[in-house]
Amino acid sequence: MTAAGPLAGITVLDFTRVFAGPFATQILGDLGADVIKLERVDGGDESRDYGLTETMPRPGAPFLSHNRNKRSVAVDLKTEDGRAVVRRLAETADVLIHNYRPGVMERLHLDHASLTPLNARLVYCSISGFGAHGPMRTRAANDLSIQAYSGLLSITGQPGGPPARVPTSVCDLTAGLYAAIGIQAALHHRSVSGVGQEVSTSMLEGQLTMLNHFLTDYWMNGRLAEKMGTANALGLPNEAFPTKDGWVCITSANEKMWRRCAAALGVGELADDPRFRTLRDRYAHREELVTLLSRATSAMTSKECLAALEEGGVPCCPVNTLDRIATDPLLDALGSTVDMEVEGDRTVRLVQTPLRFSATQVSARIPPPRLGEHTDDVLAGAGFAADEIARMRAAGAVA
């Protein structure tokens, strides 16, 4: 295995901020790309201020979690010098990615059409909220608004209750994953054709892929998904059940598994009960079955319940709290975390990109940067003389 990642030698100009774009570019950086994060001179990526408390210095966990393996350049795109810096960097870059609203980069003359004449090999990626085309293309978006508009909020929460937001920024992160996939596909196409292209994705479109079978079911059958708490309509039992000291999730995906599940919980007679014999029967009498199974699991501790189910070959898991999964030895066994020294002389633990390669590796080389930390190095590497950099700094075009 070599130290270099599979994207070593690829340079990415990263104009993204908050979650979706930074998640995408961190993946590229973890895979070995040189990611140059271009931030506003007046504060930088706004997520630097997210999650702060009186005792937690800037930046907080949201920024630190999405911005390792990047070099920060602070640049004012409203100035001609600032835009000249971008054009110079774009001449030799492999990828440019942004998540400004559609129209912003066009007004700055930093859009795909403006930069392609400078570098025909450039892969240009944009992430928007509601899509690069269509009547909502310029509408502002955040994760909650996309959860709402996509229909996700209509099926979260307990039956009969109000919508429950998915706490993690699922729409942002899904869009980031698709951006990373699209960029790598475009880089492969470039290796064959010799030319780059424009790639676009959006938070809404990414979330639609996460709701795919719910939407297809409606298009096929006119059937709307309902709020089901931890349950779903793909199996029964298939949800969280209470125990003496917590909760466990139990899944029975077929009839053989259901019989093993009933036996493991000490209620084997339910498998032959006409109300519960087949999946269709169980859904017709769902409330009765859940009540009976909850009574059985409530008589056991989580450890006892899980042991019985595991011995019976039934898929099951504890409902972990975050502190329990954060300290689970499995994370170390999988290599799922990385510790890095960050701004303020702190050591923080971050989640690693979950990919393994036989010939290359994922790595954490550069801690999340201070705002503008690498401005001089990046500009000097792009051919700017020291006096030019000093002049632009004095004028406020870079910082």
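The coordinates are above.
Now for a description of the structure that goes with this document. Note that the structure is predicted; figures quoted are calculated from it, not measured. (Residues numbered from 1 in each chain as written. Predicted model: local features only at pLDDT ≥ 70, side-chain atom pairs only at ≥ 80, totals over all residues. Heavy atoms only, no water.)

Now for the pairing of strand β4 (residues 95-98). By the alternation rule, side chains of β4 split into V95 and I97 and L96 and H98, which are all buried. Across 3 bridges, the pairing between strand β1 (residues 11-14) and β4 is parallel. For V12, the partnering residue across the bridge sits in β4 and is V95. Pairing of β4 with strand β5 (residues 123-128) involves 4 bridges; the strand directions are parallel. Residue H98 lies in a different strand from β5, and its bridge partner there is S126. (Buried < 20%, exposed > 50% of the residue type's maximum accessible area, 1.4 Å probe, protein only. Helix = DSSP H or I, 4+ residues; strand = E, 2+ residues; numbered from the N terminus. Pairing = 2+ DSSP bridges.)

Attention shifts here to the pairing of β1. The side chains of a regular strand alternate between both faces of the sheet. The two faces of β1 match: T11 and L13 on one face and V12 and D14 on the other face are all buried. A crossover connection joins β1 to the parallel strand β2 (residues 34-39) through helix α1 (residues 20-30); in handedness this β-α-β unit is right-handed. (Right-handed = clockwise from strand over helix to strand, strands pointing away.)

One way to put it is that helix α7 (residues 170-193) packs onto helix α8 (residues 203-210) with a least axis distance of 8 Å and a crossing angle of 95°. Classified by the interaxial angle, the pair formed by α7 and α8 is roughly perpendicular. Listed contacts from α8 to V170, C171, D172, T174, A175 and Y178 of α7 are M203, G206, Q207, T209 and M210. (Axes fitted to C-alpha atoms, helices over the stretch in contact; angles between N-to-C directions. Parallel < 35°, antiparallel > 145°, perpendicular 65-115°, else oblique. Contact = heavy atoms within 4.5 Å.)

Summarising burial for α1: 10 of the 11 residues are buried, a large majority. Along α1, the positions that sit buried rather than exposed are A20, G21, P22, A24, T25, Q26, I27, L28, G29 and D30.

Shape is all these values report; function is a separate question.
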